[in-house]
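Structural characterization, general
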Amino acid sequence: MHSTVVRAHEPFVSRPLPDPLKDAQGRLIAYLRLSLTDRCNFRCDYCSVSDYDDPGAVLTRLEIARLVGIFARLGVRRVRLTGGEPTLRKEVVAIAADVRATIGIEEVAITTNGHRLAELARPLRDAGVDCVNVSLDTLRPERLLAISGRGARLTDVLDGIDAAAAAGFEHVKLNTVVMGGVNDDELGELVRHAWARKASPRFIELMPFGKGVPVPTARVKRLLSEQGIALEPCDRRGWGPAHYMRGWSAAGEALHVGFIGAMTENFCDRCNRARVAADGGFQACLGGSAQVPLGALLREDAPDQAIEARIREVLARKAPRHHMEEATTGLVQLLPMMGIGG
Ligand code: SAM
Ligand code: SF4
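Note that the structure is predicted; figures quoted are calculated from it, not measured.

Right, let's get into the side chain of His256. With respect to the element layout, His256 can be found in strand β9 (residues 254-260). The buried category is assigned to His256, whose relative accessible area is 16%. Separated by 3.2 Å, the side chains of His256 and Arg236 make a polar contact.

Moving on to the site of ligand 1. Near ligand 1 lie 20 residues; those nearest to it are Tyr46, Gly84, Glu85, Ser135 and Met207. In this structure, a nitrogen atom belonging to ligand 1 sits 2.9 Å away from a main-chain N or O atom of Tyr46. One of the backbone N or O atoms of Thr112 is found 3.2 Å from an oxygen atom in ligand 1. Among the elements of the structure, β3 (107-112), β5 (171-178) and β6 (200-205) are those that each provide at least two residues to the shell around ligand 1.

What follows deals with helix α6 (residues 187-195). Most of α6 is tucked away: seven of the nine residues are buried. For α6, the elements touching its buried residues are α5 (154-166), β5, β6, α7 (217-226), β8 (243-248) and β9.

Looking at where Thr176 falls in the secondary structure, it is placed in strand β5. For Thr176, a relative accessible area of 3% gives the class buried. One polar contact links the side chain of Thr176 to the main-chain carbonyl oxygen of Leu136, over a distance of 2.7 Å. If we skip the residues at most four places from it in the chain, Thr176 touches Leu136, Asp137, Asn183, Leu190, Arg202, Phe203 and Ile204.

About the thresholds
Residues numbered from 1 in each chain as written. Chains lettered and ligands numbered in written order. Predicted model: local features only at pLDDT ≥ 70, side-chain atom pairs only at ≥ 80, totals over all residues. Heavy atoms only, no water. Helix = DSSP H or I, 4+ residues; strand = E, 2+ residues; numbered from the N terminus. Buried < 20%, exposed > 50% of the residue type's maximum accessible area, 1.4 Å probe, protein only. Polar contact = N/O pair within 3.5 Å; in protein donor to acceptor, adjacent residues only side chain to side chain. Near = heavy atom within 4 Å. Contact = heavy atoms within 4.5 Å.

Right, here's the structure in full:
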């Protein structure tokens with residue numbers, strides 16, 4: 001565990017929560033996705049990222065520690081650090097340690113493009129991070145450059161994945177956004193690459209935040225079978241929206257592949273999450289367009305009860321499901337992915 005951690009909240013004694021965080025549909029909110037920055041060194045076609053953060057707007061380490069403490073007292077148990085690219089934040093390891101040391105938080109995960117993971121995997125693990133998701137859309141260097149821009153070097157990403165595999169995380173997952181005509185011919189290779197490192201590959205349906213042709217999950221499964229990956233149904237479930245299928249190694253070991261049917265399989269009825277942007281904008285749904293500025297309340301040093309009330313207010317208006325499919329018709333306006341971290 002990291003040596004000095006910041007606790008900007010009153011400790012609380014573990015007890016059943018009288019009024020745990022729920023949304024308008026009665027869904028318990030126990031999972032927070034927290035963006036550490038809008039910036040990214042990649043330029044993935046399907047995402048929209050920024051070159052800079054507004055330095056006055058991004059939550060400080062202390063503000064993050066306080067906010068996570070408030071969410072934990074309301075029943076949040078799992079936090080995912082995301083972005084933009086969270087590892088561009090200089091204090092990422094210290095922030096991870098603070099979040100993990102927050103009373104009530106049982107699991108901390110991070111989602112990264114892997115570019116800095118070779119150096120950061122061990123410090124993040126030592127800071128208490130439990131799980132790492134690395135985005136890996138291709139195993140071909142020239143394709144990665146075409147998908148993610150000139151800053152994206154495949155060797156760095158692959159070294160980062162190997163470092164994560166060696167660092168002893170509870171789970172390492174490799175996330176692939178499947179794009180028709182771009183990477184749908186190498187899904188089998190991606191599975192084998194992940195399995196060889198005891199990581200779980202996951203295939204995500206493209207959401208309408210940028211360019212690219214989506215490939216429905218049902219077709220991804222057919223492509224995997226054609227590309228030599230035999231899978232069978234299984235009941236494994238994680239914290240998130242993925243469902244899993246099982247394959248077997250030559251040695252008879254069970255291996256998994258995850259699928260996130262963001263567009264064709266609406267999983268909103270199981271939603272357990274909320275999102276905080278890098279500037280403290282609180283958003284109840286990835287497919288929504290309204291944020292409440294918790295950052296301003298933190299800066300005004302508003303009491304915890306006032307912040308808690310705004311959080312509950314936003315969740316009380318949360319819709320039963322997202323309507324991202326309507327973004328393609330212009331009926332729904334989405335906030336950029338970089339601000340909400342996937
Ligand atoms: N920079 C980090 C990364 O790429 O892993 C974290 C932030 S990124 C916004 C979080 C996740 O969202 C990544 O797995 C990325 O592939 C996914 N993502 C971004 N845009 C997407 C889109 N339009 N459709 C589906 N997934 C998307
Ligand atoms: Fe950056 Fe991640 Fe968006 Fe790619 S998906 S541009 S790595 S934030």
